[in-house]
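The chain contents come next:
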Amino acid sequence: MKTSNNSPADNEVAENDTPNALISDNDLLKFFNLERENVQDFSITRRKDGMYVNITLNKTWVQCPVCGHMTSRVKDYTDKKITHSVLSITNCYIIYHARRYECPHCKKTFYENNPFTFGGRLSVATVFNVLRDLKAPNATFTDVARRYGISATSVINIFDKHVHISRRQLPECLALDEVYAFKSHDSDYVCVIMDYLDKKIVDVLPSRRKYNLLNYFMLIPLEERKKVKYVSFDMWETYRIVVKHVFPDACCITDHFHVIQELTRRVDRVRIRVQNRFRKTINTLKPKKNNKTITSEELIELEEASRYYYVLKKFNWSLASTNKKY
């Protein structure tokens, strides 16, 4: 193991030899989930924004994930910067010189096994520390993010990926609805299951598709599903089909908001159809240039059609008004 000695002009300050005198090479490598026999090069550099650890693993024989052949042919290297939060006094980053192998049989390229991360730019130690700190009742995403030098969004993503909260028991009155979630991998919408009476969330599913909903509810014991007596949802057909399959004793309910919304849409379609019929009459009777004048009967019909068209176009709100004079 070696420690780099770069000049201050390069915005770096060389490490002193005190830590190396107190801690053995093997002990220091434990901080990075490494064994000495697996490391080809290891160096530490301190900069103004934190400590940088340059690591290159030993070249070895690996199996191609595509065809299964063994190979040790190296195509190239890629430097990956990984946030490694094991020190509380300064930021720590791993500059991992990731080796990319090439299979001589199928010509596919692939990276060597990464011992530092679960995938992404955060080390295993950082993920572990974040999850440990989030156990505190008063911990917030922002505080934990500031402590480990990462963004609050990264902390939220770690929590969502690794923490699986068990669902509540199914209530007697259940409500199903969807919410737009652009980060969901399965769908643009997530399905929210709520207790209709106390307004508490029972569970959140990553998709509202019929296949996913059926698989989820069928894993719940039938005795628990039979306790559900009412299920409220909007007028989406998938919800009705799923409820009929998984809740044998439940009654389907559509909330009044969606009933009124659908009624308003249907009335509006009728209004537009009648309005377009009057507009067609107006276009037919309206005199064109260089044409003879219309008859008095046609003029009366034109004025009547124009009046009805104007009312339907400008006063459509009166159809939904609760004022009796309309």
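Residues numbered from 1 in each chain as written. Predicted model: local features only at pLDDT ≥ 70, side-chain atom pairs only at ≥ 80, totals over all residues. Heavy atoms only, no water.

## Let's talk about the overall build of the protein chain
Within the protein chain one finds 10 helices and 14 strands. Taking all 326 residues of the protein chain together, the buried fraction comes to 33%. Sequence-distant contacts, at least 24 apart, represent 47% of the contacts inside the protein chain between residues at least 6 apart. Accessible surface, the protein chain: about 21,800 Å² in total, of which carbon and sulfur atoms supply 54%. (Helix = DSSP H or I, 4+ residues; strand = E, 2+ residues; numbered from the N terminus. Buried < 20%, exposed > 50% of the residue type's maximum accessible area, 1.4 Å probe, protein only. Contact = heavy atoms within 4.5 Å. Areas by Shrake-Rupley, 256 points an atom, 1.4 Å probe, with all protein chains shown as cover.)

## Side note on the pattern of salt bridges
In total, this model carries 12 salt bridges according to the counting rule given. For Arg-99, the salt bridge identified is with Glu-112, shortest N-O distance 3.0 Å. A residue pair is termed long-range when its members are at least 10 positions apart, and Arg-99 in strand β8 (residues 92–102) and Glu-112 in the loop between β9 (109–111) and α3 (124–133) qualify at 13 residues. Of the two residues, Arg-99 and Glu-112, both sit in the buried class. Between Arg-168 and Asp-198 there is a salt bridge, with the nearest N and O atoms lying 3.4 Å from each other. Within this pair, whereas Arg-168 is found in the loop between α5 (152–162) and β10 (173–180), its partner Asp-198 is found in the loop between β11 (189–195) and β12 (201–205), the two being separated by 30 residues in sequence. Assessed through its relative accessible area of 34%, Asp-198 is described here as partly exposed. Three or more residues joined by partner-sharing salt bridges are found here, namely Arg-132, Asp-133 and Arg-147. (Salt bridge = Lys/Arg side-chain N within 4 Å of Asp/Glu carboxyl O.)

## Section: the packing of helix α6 (residues 210–218) against helix α8 (residues 237–246)
A pair of packed helices is captured by two measures, namely the crossing angle of their axes and the spacing between those axes. As a packed pair, α6 and α8 sit with axes 10 Å apart at the nearest point and diverge in direction by 25°. Put simply, α6 runs roughly parallel to α8. Here α6 runs over α8; the crossing is right-handed. Every residue of α8 that contacts α6 at Lys-210, Leu-213, Leu-214, Phe-217 and Met-218 is listed here: Thr-238, Tyr-239, Ile-241, Val-242, His-245 and Val-246. Split into classes, the residues belonging to the contact of α6 with α8 amount to 8 nonpolar, 2 polar and 1 charged. (Axes fitted to C-alpha atoms, helices over the stretch in contact; angles between N-to-C directions. Parallel < 35°, antiparallel > 145°, perpendicular 65-115°, else oblique. Left-handed = near helix turned anticlockwise from the far one by under 90°. Nonpolar A, V, L, I, M, F, W, Y, C, P; charged D, E, K, R; others polar.)

## Some thoughts on the packing of aromatic side chains
Considering all chains together, one arrives at 12 aromatic pairs under this definition. Judged by centre distance (5.0 Å) and plane angle (70°), the ring pair of Tyr-96 and Phe-116 falls under edge-to-face. Residue Tyr-96 is located in strand β8, and its partner Phe-116 is located in the loop between β9 and α3; the two are separated by 20 residues in the primary sequence. Given a relative accessible area of 1%, Tyr-96 falls into the buried group. Among the residues examined, Phe-116 registers a relative accessible area of 3% and is labelled buried. (Phe/Tyr/Trp six-rings, centres within 6.5 Å; stacked < 30°, edge-to-face > 60°.)

## A short note on the sheet that holds β11
The 5 strands are arranged β12-β11-β10-β13-β14 in an open sheet whose pairing can be described as mixed. Strands with a single pairing partner mark the edges of an open sheet, and in this sheet they are β12 and β14 (251–254). Strand after strand, the sheet turns through a mean of 25° between neighbouring axes, direction not considered. As defined by bridge partners, strand β13 (residues 230–233) adjoins β14 across 4 bridges and the pair is classed as parallel. Across the sheet, residue Tyr-230 finds its bridge partner in β14, namely Cys-251. (Pairing = 2+ DSSP bridges.)

## Overview of the packing of helix α4 (residues 141–148) against α5
Their axes nearest at 8 Å, the elements α4 and α5 cross at an angle of 110°. By the criterion of interaxial angle, the relationship of α4 to α5 is roughly perpendicular. Seen along the crossing, α4 lies across α5 with a hand that is right-handed. Counting all contacts with α4, which are made through Phe-141, Thr-142, Val-144 and Ala-145, the residues of α5 involved are Ala-152, Val-155, Ile-156 and Phe-159. In terms of residue class, the contact of α4 with α5 is built from 7 nonpolar, 1 polar and no charged.

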